[in-house]
Every structure is written in C-alpha cells, then in structure tokens.
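# An overview of the molecular structure
For reference, the chains in residue letters:
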Amino acid sequence: MAAEEHVEKIKAIVCETFGVDPATIDETTPFADMGVDSRRRVRLLATVEVEFGIDIDLDELDRLVDIRSAAQLLDETIEAGGKPRKRGLPGLLRRHRLS
C-alpha cells in the first residue's frame, strides 16, 4: 500500500482521534492548524502503530506535520520491513511510558 493509499486512513484516524470535521481539512492542512501539538502527535503516532501493527521510531515525530507526511512515514516504515508490534502497548508507549 503506497502513501497515497494511506492518506484516507490517516485522515480518518486524525478526525476520530482529535474530533476534527473531515470537511474542514485536507491532506496538507498542518496539524498545528488543527490544534495538534507535539504531545497529541505522540498520541497519533501511537494510534497509527496500533492500527497498522508496527513500531514507528519516536525520532520521526518531527516529520509528522500533516496527514500527507504521516502517510509517507507510515509507507516508509512498512517499506523498510516495519517491525511488527509486540502485543500490548505500542512501541513508543512501552519505551517512554506515556499514557
């Protein structure tokens, strides 16, 4: 599945997770314009990890600026062999004990 195919899924996750009306955003609307700060981007990253069953490196958090960049990061992680997520908490939550 290419980044283009992930855009709609990521958009749905963003809208559901942060209560954003899908009609008010597109794939290039900055997360900051949606009120998504760095802490909320961590939550998004964890949600994507759970949804797709992979671990994404927390060092990539700064790349999450909009839906398109999140889809691109997801695609790159999967293309690189995306380490399957272990059962339980998403990788970044296990590593950093965030809630």
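Not measured: the values here are computed from a predicted model. (Residues numbered from 1 in each chain as written. Predicted model: local features only at pLDDT ≥ 70, side-chain atom pairs only at ≥ 80, totals over all residues. Heavy atoms only, no water.)

Turning to the confidence of the model for the protein, a few remarks are in order. For any part of a model where pLDDT is low, the fine detail of the predicted coordinates should not be relied upon. Here the protein averages 84 in pLDDT, and 80% of its residues register 70 or above. Of the regions scoring below 50 in pLDDT, residues 92-99 engages in 21 contacts with residues more than four places distant in sequence or in other chains. (pLDDT = per-residue confidence, 0-100. Contact = heavy atoms within 4.5 Å.)

All right, on to helix α2 (residues 38-52) then. Taking 1.5 Å of rise per residue, 15 residues should cover 21 Å, and α2 covers 21 Å from first to last C-alpha, within 8% of that figure. Among the residues of α2, R41, V42, L44, L45, A46, V48 and E49 are the ones counted as buried. Once α2 finishes, G53 follows within two positions and takes phi at roughly 65 degrees, a positive value. (Helix = DSSP H or I, 4+ residues; strand = E, 2+ residues; numbered from the N terminus. Expected span 1.5 Å × (residues − 1). Buried < 20%, exposed > 50% of the residue type's maximum accessible area, 1.4 Å probe, protein only.)

Turning next to the packing of helix α1 (residues 3-18) against α2. The N-to-C vectors of α1 and α2 enclose an angle of 125 degrees; their axes lie 11 Å apart at closest approach. By the angle between their axes, α1 is oblique relative to α2. Pair α1 / α2 crosses with right-handed handedness. Contacts between α1 and α2 involve H6, K9, I10, I13, V14, T17 and F18 from the former and R40, R43, L44, T47, V48, E51 and F52 from the latter. (Axes fitted to C-alpha atoms, helices over the stretch in contact; angles between N-to-C directions. Parallel < 35°, antiparallel > 145°, perpendicular 65-115°, else oblique. Left-handed = near helix turned anticlockwise from the far one by under 90°.)

Turning our attention to empty space enclosed by the protein. The method is simple in principle: a probe with the dimensions of a water molecule rolls over the atoms, and the space it marks as empty is what remains. The final tally for this structure, using the stated rule, is 1 cavity of 30 Å³ or more. A volume near 30 Å³ is recorded for the largest cavity. For the lining of the largest cavity, the secondary structure elements donating two or more residues are α2 and α3 (67-79). Ranked by residue count, the leading element in the lining of the largest cavity is α2, at 3 residues. The residue makeup of the lining of the largest cavity, split by class, is 7 nonpolar, no polar and no charged. (1 Å grid on protein atoms, 1.4 Å probe; cavity = no way out; pocket = protein on both sides within 12 Å on 5 of 7 lines; lining within 4 Å. Points joined across faces, edges and corners; volume = space filled by probe spheres on them. Nonpolar A, V, L, I, M, F, W, Y, C, P; charged D, E, K, R; others polar.)

Time to look at the environment of I25. Summarising the element assignment, I25 is placed in the loop between α1 and α2. Classification of I25 as buried rests on a relative accessible area of 9%. Remark: the alpha-carbon pair of I25 and D66, spanning 41 residues in sequence, is separated by 10.0 Å. Beyond its immediate sequence surroundings of up to four residues, I25 is in contact with K11, C15, V20, M34 and I67.

The subject of this paragraph is α3. A rise of 1.5 Å per residue sets the reference length of α3, with its 13 residues, at 18 Å; its end C-alpha atoms lie 18 Å apart and thus fit the reference within 8%. Taken as a whole, α3 has its buried residues at I67, S69, A70, A71, L73, L74, D75 and T77. Looking at the buried residues of α3, the elements they touch are α1 and α2. Capping of α3 at its N-terminal end is provided by D66; its side-chain oxygen lies 3.3 Å from the backbone amide nitrogen of R68. One or two positions beyond α3, positive phi appears at G81, with a value near 100 degrees. (Polar contact = N/O pair within 3.5 Å; in protein donor to acceptor, adjacent residues only side chain to side chain.)

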